[in-house]
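Residue-level listing of the chains:
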Amino acid sequence: MSAPVLVARDLVKVFGEGGAAVRALDGASLEVAPGEVVAIMGPSGSGKSTMLHVLGALETPSAGEVSLGGERYDGLGDAGLTRIRRDRIGFVFQFFNLLPALTAEENVMLPALIAGERSDAVGDRARALLTQVGLAGRMDHLPSEMSGGEQQRVSIARALLRDPELVLADEPTGNLDSRSSAEVLDLLRRLSADEGQTLVMVTHDPGAAAIADRVVFLRDGRVAGEIPGGSRERVSEAFTALES
């Protein structure tokens, strides 16, 4: 069995101080295998978004440790964490986070341009990814000229530009209609199957979570259990039981 690509142990995250302190994570742990799709679900305030931010080096935990490909985050400093985010993790957000003045192709190229890479290979990679996500005919379109589902596919292509070890998705279908949601979920599942892409996704939607290999439930900042993915009904029943 291959080593986990992502390991988080005993994560604690406290916001605020004294009587105003909020303990968003309270000893949560998670391991993710290469090529695995993991969905994280939980009631509002369970800590799922905070956990995703800690896994993505966007937040520093108050205690506990995270490692990606065997490299621990603690002790890296701001420059090291920026390198992790830039070179080894792809992010997909609920509201797409595309720059309105840039075309689809330019938005996909943006992570490489920010890193100072301006070779022809970057453009070739961006165009290949847009073709892969079904947007070969939309490369020159601005975000305002695309549907929500198309914008999210641009966001997914951008997340894959630098061939990351890990993709983190925060409510990737939360701003889409049912048809666009189904298309985006099919794309994410296909990327895992065809490309071996490792994906951790936070979602409140049992249908989205059902595409995962495994669904992990958080409650009060702790892992409260997990089940195999694959069945919307099973995920929905488990989530309802968790909330009750």
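Reading the values: rules and limits
Residues numbered from 1 in each chain as written. Predicted model: local features only at pLDDT ≥ 70, side-chain atom pairs only at ≥ 80, totals over all residues. Heavy atoms only, no water. Helix = DSSP H or I, 4+ residues; strand = E, 2+ residues; numbered from the N terminus. Buried < 20%, exposed > 50% of the residue type's maximum accessible area, 1.4 Å probe, protein only. Polar contact = N/O pair within 3.5 Å; in protein donor to acceptor, adjacent residues only side chain to side chain. Contact = heavy atoms within 4.5 Å. Core = buried A, V, L, I, M, F, W, Y, C linked by side-chain atoms within 4.5 Å. Pairing = 2+ DSSP bridges. Axes fitted to C-alpha atoms, helices over the stretch in contact; angles between N-to-C directions. Right-handed = clockwise from strand over helix to strand, strands pointing away. Parallel < 35°, antiparallel > 145°, perpendicular 65-115°, else oblique. Left-handed = near helix turned anticlockwise from the far one by under 90°. Nonpolar A, V, L, I, M, F, W, Y, C, P; charged D, E, K, R; others polar.

**Student:** Tell me about the environment of D74, residues and numbers included.
**Tutor:** Tracing the chain through its elements places D74 in the loop between β5 (71-72) and α2 (77-88). On the basis of relative accessible area, D74 is assigned to the partly exposed category, the value being 43%. C-alpha separation for the pair D74 and P61, spaced 13 residues apart in sequence, amounts to 9.0 Å. Polar side-chain contacts of D74 include one of 2.7 Å to the side chain of R72.

**Student:** Requested: an account of helix α3 (residues 104-114), with residues and values cited.
**Tutor:** A104, E105, N107, V108, M109, L110 and A112 are the residues of α3 that are buried. Looking at the packing, one finds that the buried side of α3 touches α4 (120-132) and α5 (148-160). Once α3 finishes, G116 follows within two positions and takes phi at roughly 85 degrees, a positive value.

**Student:** A description of the nonpolar core should follow, citing residues and the corresponding values.
**Tutor:** The biggest cluster of nonpolar side chains holds 45 residues, and the ones touching the most others in it are L130, V154, I156 and V215. For I156, the contacting residues outside a window of four places in its chain are V92, V184, L187, L188 and L191. Counting residues in hydrophobic clusters, the runner-up holds 28 residues, among them L11, A28, V32 and V38.

**Student:** So what's going on with the sheet that holds strand β8 (residues 199-202)? Which residues, and what values?
**Tutor:** Sheet strands associate in pairs through backbone hydrogen bonding, adopting either a parallel or an antiparallel arrangement. Here 6 strands make up an open sheet; going across it, the order is β6-β7-β8-β3-β9-β10 and the pairing mixed. Of all the strands in the sheet, just β6 (89-92) and β10 (222-228) have a single pairing partner and so form its edges. On average, each strand axis in the sheet is inclined to that of its neighbour by 20 degrees, with strand direction left out of account. Bridge analysis of strand β3 (residues 37-41) against β8 gives 4 bridges, and the strand direction is parallel. Within β8, the residue paired with V37 across the bridge is L199. Those strands touched by helix α8 (residues 232-243) are β3, β9 (214-219) and β10, and its axis lies near 10 degrees from that of β9.

**Student:** Tell me about the side chain of S181, and please be specific about residues and values.
**Tutor:** As for its placement among the helices and strands, S181 is situated in helix α6 (residues 178-195). For S181, a relative accessible area of 10% puts it in the buried group.

**Student:** Describe the pairing of β8, and please don't skip the residues or the numbers.
**Tutor:** Side chains L199 and M201 project from β8 onto one buried face, and the interleaved V200 and V202 project onto a second face that is buried too. Alignment of strand β7 (residues 166-170) against β8, held across 4 bridges, turns out to be parallel. Across the sheet, the residue bridging to A169 is M201, located in β8. Between β7 and its parallel partner β8, the chain crosses via α6, and the hand of that crossover is right-handed.

**Student:** Tell me what's going on with unusual backbone geometry, and back it up with residues and numbers.
**Tutor:** Excluding glycine, most residues fall at negative phi; most peptide bonds, likewise, are trans. A positive phi angle, near 55 degrees, is found at N97, a position not held by glycine. Tracing the backbone through its elements, the reader meets N97 in the loop between β6 and α3. We classify N97 as partly exposed; its relative accessible area is 44%. A positive phi angle is found at E171, which is not glycine, with a value near 50 degrees. The class of E171 is buried, set by a relative accessible area of 12%.

**Student:** Can you explain the packing of α4 against α5? Please cite residues and give values.
**Tutor:** Packing of α4 against α5 leaves a shortest axis separation of 9 Å and a crossing angle of 135 degrees. Considered as vectors, α4 and α5 are oriented oblique to each other. Judged by the twist between their axes, the crossing of α4 over α5 is right-handed. When α4 is examined against α5, the residues R125, L129 and L130 are found in contact with a partner set consisting of V154, A157 and L160. Split by residue class, the contact of α4 with α5 holds 5 nonpolar, no polar and 1 charged.

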